[in-house]
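# Architecture at a glance
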Amino acid sequence: MTMYPETQREAVQRLERDYKFKKITETHMRGGHCPTCKKKELWTFTQEPWVLFCPRKNECGEEFHIRDLYPDLFENWEKRFKPTEKNPTATVDAYLAEGRGFPIDQLKGLYSQEYYKNSDLNVGSVTIRFSITDDPDNVGWWQRILDDHGVLPKTTFRPKWESREHGWVPPATNLIESKEIWITEGIFDTIALWQSGITSISALTSYNYPGIILDKIARECDEKGIDRPKLVWAYDNDPAGHDGTLKFIARAKAEGWACSAAQPPFSRKKVDWNDLYKQERLGFHDLDNYKYYGALLIAERPVDKALLIYNRTGKTSFPFDHGKCMYWFKLDMDKLSEEMKGFYPDDNKDWLEEEKEEARKKYRDNALKNCNTVVELMDCKPQALYWQCNEETDEQWYYFRIDFPRNKQPVKNTFTGGQLAAASEFKKRLLSIAPGVVYTGSGTQLDYLLKHWTRDIKRVQLINYVGYNAALQTYVLGDIAVQNGKKFKINKEDYFELPRNINLKAQVPFDLTINTQAVEYKPKWIDDLIGAYQVKGLIALTAFFGSMFSQQICKLHKSFTFVEIVGEPGTGKSTLLYFLWRLMGRDNYEGEDPNKTSKSGLLRTFRQVSNLPVVLIESDRKGEHASKQFNWDHIKTLYDQGSLGALGVKNNGNETYNPPFMGTIIISQNAEIVASEAIMGRLVHIGFKKDQLTKQTLEASRRLNKYTLEDVSYFIIECLLREKEILDTYTQRMEYHDHHLHQDHLNIQSSRVIHNHAQLMALFDALTEHVIKVDPNICSEVIEQLTVMAQERDKILLVDPPIVQNFWDAFEQIENTKSLSEDSVVNHHSKRHLVAINFAQLYKVAADLRFNLPDMQTLQDALRHSQYYKFVEANRNVSSVIQKQSVRCWIFEKPTSARD
């Protein structure tokens, strides 16, 4: 099969890069790393590396097809092979040769190169077109769209032309004198059979009956007085093909045709006649097998199908399916021997040997029907799709699809090894997931089924979070995956088939609904975001944007900043967060309140995402939850994506695993966080105030709130498709902004503050260069705002927050109200360099003196980080100089200036 030089060069480069071939000559590539057995013995042909071979036949022997490893090599035909004046069909020629494996010289003149354009979507593609000429008075055409861009149909017919009853016939095909005519769905399947010496016509689709062609054949045969050819219905081996085969065989028989069927072999990845042609699997012996598969499909009764299997395999006891139910066949060999003793051909009749054999066969067929039993095992058809394994937690399941008769909807669910190992456990699990289905078989019969279900079963890697898998460098976002700048859709079996033989699946803890159609994306939302929230809205957007690359950034710079979005009620924080989540494909969600979540629940929240933000919405500092404010020091280690804590593995041992935090932290609340210096230094503070609100910002906010997931969720796809470019820009700009913030005139002392704000500056540069369009003047304002924020954060780290400063001012004023006879008013400690405060007594005195103090719990949380009066200890018993008895107090060390 021809491989074009452009494809061959790119394939060799990728294979050398990904499989580390040791030796590459003009003819062979050897010493590659086998992805299955991990041995360095993989080899292929250099000039046409269609298949990679592992020569370790006894231990491995796997084969890997280049089309499966690098499907993108066989896409974008229009870009890779442009037509010329000399060859106006260069694009479709390459498609037929490389994509379909056909010899171009034998097909020239049968097709043309055309172009299909969808004006509404403003998207188009080159097509290969075949004329449909079975009715000269009503000529139509069928065309295959080469690059559908994810939005175009794969095939189209001539507009306003009715394809019903039409078909396509290869040139110079004698249909009248053929013994058999194979009828396929697609034109390419018919070409594949035609090139293999098999008479074939195309019905164009699985739901079409080529009546015009068949009627012509019938009339000519009748006129010539010859038998009609036998029709072999060779539709695809999928539900649509099965339905079409059964439907049209019934019609053809009613019209006087002798019929049989042929089916491509069952494969976990659909195989059609064109695929078999490329694999050189359309020989005489192969065709016999495919007819056998077809006979199984059209068998009318369970016993008919069972006898076909027996005659083919010689097995006397086995399970099988028919009509989406499972049965068990058993042949009584002793009874069959007795029955066959009754066969005595008439010795006086001059029988030919073949006549005697034919009579014996008929007698034996009747005897077989009398000597077997067929019993139903279950009123459904389970199919083991794959084995899925979570290596991190050492958990495994078999993932099944269960089909039902009578047009009931199938279900998909898992079985553990234990549930498959015993008939009683299998029966329980089946009853749970397949309504009304009872397994009535034995353990031995189940063992036979298991061997069939699990032989060479596909293996799928399972992750239990949404987002980025660092080991595979792949994003998994609901039913979309992105790897190395390319999109992949989830397959019908609920996992992703990725290049390099990677199968990946995510147990999705929440739904992401992402519109992958670029043409439906409305990028003007950025104008409304700026109109509603100005530069601070862009900084919040940058925090969400940066989270998509947090693990790559942490690998470069060891950490990723926490972001704090703070503002008075009514400043639009919730509206902003709801919208930013819609950009990521998550609707009607703002965040989690850590005060209303258990420790284990919060741990799961942190573990649910990778390269996505975790938004923590702290409850108000007043009200029913004031006594249990969240301790922000608990998340300190998440700054550099540290461990979330050890979790037990579900087995009988003592194993644990320590899952790392793989997302980012964004905190939203009304009041600023007051925490330790370690936490305060990890935060980038974005503050919103009511005086920033105007009629214009309110209108922009309302417009922003009207955007739906369908309008804006393509944003996350657009970002991930540009992963490499974004990270390259980030790396370059990070160095620049870090140097900028270190300048002496800015007077920023904390290197951590510089690092955090430089990260957002660099990310904003990458965002505006590759994803969104923002006025350069506004971009400058964002960088200036981040610089000011860095300066302000640095100053905050050097002094106590206002709530603490105001308290100590009030404390000193209260103390100054003491009389000459009093040692102290609220300081219970006898040592002059220490302060001991009993808060119950303090608040009573303050109320009497008409001092307004903040909420006690909020104040105590802030005082734990007091610098001016240095916090020492909470709740220590002190011998009070005020009450002359032991009192439980908080202890602080006075500043030098405040000591007597």
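Bear in mind the structure is a predicted one, so any value in this text is a computation, not a measurement.

Helices and strands together make up the secondary structure of the protein, namely 29 helices and 35 strands. Compactness check: the protein gives a C-alpha radius of gyration of 37 Å against a globular reference of 29 Å for 900 residues, more than 25% above the reference. Its C-alpha atoms put the protein at 145 × 75 × 55 Å along the principal axes. In the protein, which comprises 900 residues, the share counted as buried stands at 51%. At a minimum sequence separation of 6, the contacts of the protein that also span at least 24 residues come to 62%. Accessible area for the protein stands at about 44,400 Å²; split by element, carbon and sulfur atoms hold 47% of it. Separation of charge centres in the protein, based on 117 positive and 123 negative side chains, amounts to 3 Å.

All right, on to the sheet that holds strand 17 (residues 381–390) then. Strand order in the open sheet formed by six strands is 19-18-17-20-26-25, and the pairing between neighbours is mixed. This sheet does not close on itself; its edge strands, each paired only once, are strand 19 (411–415) and strand 25 (496–498). The average angle at which neighbouring strand axes cross in this sheet is 35°, direction not considered. On top of the sheet, helix 14 (residues 423–433) reaches strand 18 (395–403) and strand 19; it is set at about 150° to strand 19, its chief contact.

For the rest of this paragraph, the subject is the pattern of salt bridges. By the definition in use, this model includes 34 salt bridges. For Arg312, the salt bridge identified is with Asp288, shortest N-O distance 3.2 Å. Of the two residues, Arg312 is situated in helix 10 (residues 302–313) and Asp288 in helix 9 (residues 284–298); the sequence distance between them amounts to 24 residues. The class of Asp288 is partly exposed, set by a relative accessible area of 37%. The closest approach of N and O atoms between Asp711 and Lys522, which form a salt bridge, is 3.3 Å. Placement of the pair is Asp711 in helix 22 (residues 709–712) and Lys522 in the loop between strand 26 (502–506) and helix 16 (525–547), with a sequence separation of 189 residues. Where salt bridges share partners, they join Glu10, Arg14, Asp72 and Lys486 into one cluster.

Relative to the assigned elements, Cys371 resides in the loop between helix 12 (353–370) and strand 16 (372–378). Note on Cys371: relative accessible area 3%, which makes it buried. For the pair formed by Cys371 and Leu336, sequence separation is 35 residues and the distance between their alpha carbons is 5.7 Å. Among residues more than four places away in sequence, those in contact with Cys371 are Lys330, Leu331, Asp332, Lys335, Leu336 and Glu339.

On to helix 16. Taking 1.5 Å of rise per residue, the 23 residues of helix 16 would be expected to cover 33 Å, yet its terminal C-alpha atoms sit only 20 Å apart, more than 12% below that figure. For helix 16, the tally of buried residues reaches 20 of 23 residues, placing the bulk of the element in the interior.

Time to look at the side chain of Asn208. Tracing the chain through its elements places Asn208 in the loop between strand 11 (200–202) and helix 6 (211–224). Note on Asn208: relative accessible area 5%, which makes it buried. Within the local environment of Asn208, its side chain forms a polar contact with the backbone nitrogen of Glu165, the two atoms lying 2.8 Å apart. Residue contacts for Asn208: discarding those within four places in its chain leaves Ser163, Arg164, Glu165, His166, Ala203, Tyr235 and Phe248.

What follows concerns the packing of helix 9 against helix 10. Relative to each other, helix 9 and helix 10 sit at 155°, their axes nearing to 9 Å. The orientation of helix 9 with respect to helix 10, classified from their angle, is roughly antiparallel. Here helix 9 contributes Asp288, Asn289, Tyr292, Ala295 and Leu296 to the contact with helix 10, which in turn contributes Lys305, Leu308, Ile309 and Arg312. Looking at the contact of helix 9 with helix 10, its residues break down into five nonpolar, one polar and three charged.

We now examine the sheet that holds strand 6 (residues 111–118). Across the sheet, four strands lie side by side as 6-7-8-9; this open sheet has antiparallel pairing. The open sheet is flanked by strand 6 and strand 9 (155–157), the only strands paired with a single partner. Direction aside, the axes of adjacent strands within the sheet are offset by 30° on average. Sheet topology note: the strand 8 (residues 140–145)/strand 9 ladder contains three bridges and is antiparallel. In the strand pairing of strand 9, Arg144 is matched with Thr155. Across the sheet, helix 5 (residues 187–195) lies against strand 7 (123–132) and strand 8, angled at about 50° from strand 7, the strand it touches most.

Moving on, we come to the packing of aromatic side chains. If you walk through the whole model with that rule in mind, you get 58 aromatic pairs. Grouped by ring-pair contacts, the aromatic residues Tyr4, Trp77, Phe81, Tyr95, Phe102, Tyr111, Phe130, Trp142, Trp168, Phe188 and Tyr277 constitute a single cluster. Lying across the ring of Phe74, Arg67 places its NZ or CZ 4.7 Å from the centre. Sitting above the plane of the Tyr736 ring, Arg733 keeps its charged end 4.4 Å from the centroid.

All right, on to the side chain of Lys305 then. Relative to the assigned elements, Lys305 resides in helix 10. The exposure class of Lys305 is buried, given its relative accessible area of 11%. Polar contacts involving the side chain of Lys305 include one to the main-chain carbonyl oxygen of Asp321, which spans 2.7 Å. With sequence-adjacent residues up to four places away left out, Lys305 is seen in contact with Leu296, Ala299, Phe320, Asp321 and His322.

Further remarks concern helix 10. The first and last C-alpha atoms of helix 10 sit 17 Å apart over 12 residues, in line with the 16 Å expected at 1.5 Å per residue. Looking one or two places after helix 10, you find Gly314, whose phi comes out positive at around 80°.

Quick look at the environment of Leu798 now. As for its placement among the helices and strands, Leu798 is situated in helix 26 (residues 776–798). On the basis of relative accessible area, Leu798 is assigned to the exposed category, the value being 61%. Between the C-alpha atoms of Leu798 and Asn76, which are 722 residues apart in sequence, the distance is 58 Å.

Negative phi is the rule for most residues except glycine; trans is the rule for most peptide bonds. Even without being glycine, Asp494 reaches a positive phi, approximately 75°. Counting through the fold element by element, Asp494 comes out in the loop between strand 24 (486–489) and strand 25. The phi dihedral of Gln641 is positive, around 55°, even though this residue is not glycine. On the secondary structure map, Gln641 appears in the loop between strand 28 (609–617) and strand 29 (647–648). For Gln641, a relative accessible area of 13% gives the class buried.

Burial of the side chains of strand 22 (residues 474–477) extends over both faces: Thr474 and Val476 are buried on one face and Tyr475 and Leu477 on the other. Here three bridges tie strand 21 (residues 466–469) to strand 22, and the two strands are oriented antiparallel to one another. Bridged to Gly467 within strand 22 is Val476. Taken together, strand 21 and the strand that follows it, strand 22, pair antiparallel across an intervening segment of four residues, in which Gln473 is found at a positive phi of about 50°. With four bridges connecting them, strand 22 and strand 23 (residues 480–483) associate as antiparallel partners. Residue pairing across strands places Tyr475 opposite Val482, the latter belonging to strand 23. Here strand 22 folds back onto strand 23 in antiparallel fashion, the turn holding two residues, of which Gly478 has a positive phi close to 65°.

Membership of the largest hydrophobic core comes to 104 residues, with the highest contact counts inside it found for Trp525, Leu541, Phe545, Phe549, Phe606, Ile665 and Phe715. Of the residues forming this core, the biggest block, 14 residues, is contributed by helix 16. If we ignore the near neighbours within four places in the chain, the residues touching Phe715 are Tyr521, Trp525, Leu541, Phe545, Met548, Leu583, Leu767, Val771 and Ile772. Leu69, Phe74, Ala97 and Leu193 belong to the second largest nonpolar core, which has 59 residues in total.

Calculation notes
- Residues numbered from 1 in each chain as written.
- Predicted model: local features only at pLDDT ≥ 70, side-chain atom pairs only at ≥ 80, totals over all residues.
- Heavy atoms only, no water.
- Helix = DSSP H or I, 4+ residues; strand = E, 2+ residues; numbered from the N terminus.
- Rg over C-alpha atoms; globule rule 2.2 N^0.38 Å.
- Buried < 20%, exposed > 50% of the residue type's maximum accessible area, 1.4 Å probe, protein only.
- Contact = heavy atoms within 4.5 Å.
- Areas by Shrake-Rupley, 256 points an atom, 1.4 Å probe, with all protein chains shown as cover.
- Lys, Arg positive; Asp, Glu negative; His and termini not counted.
- Charge placed at Lys NZ, Arg CZ, Asp CG, Glu CD.
- Pairing = 2+ DSSP bridges.
- Axes fitted to C-alpha atoms, helices over the stretch in contact; angles between N-to-C directions.
- Salt bridge = Lys/Arg side-chain N within 4 Å of Asp/Glu carboxyl O.
- Expected span 1.5 Å × (residues − 1).
- Polar contact = N/O pair within 3.5 Å; in protein donor to acceptor, adjacent residues only side chain to side chain.
- Parallel < 35°, antiparallel > 145°, perpendicular 65-115°, else oblique.
- Nonpolar A, V, L, I, M, F, W, Y, C, P; charged D, E, K, R; others polar.
- Phe/Tyr/Trp six-rings, centres within 6.5 Å; stacked < 30°, edge-to-face > 60°.
- Lys NZ or Arg CZ within 6 Å of the ring centre and 35° of its normal.
- Core = buried A, V, L, I, M, F, W, Y, C linked by side-chain atoms within 4.5 Å.

From the geometry alone we can't say anything about function, so treat these as descriptive.
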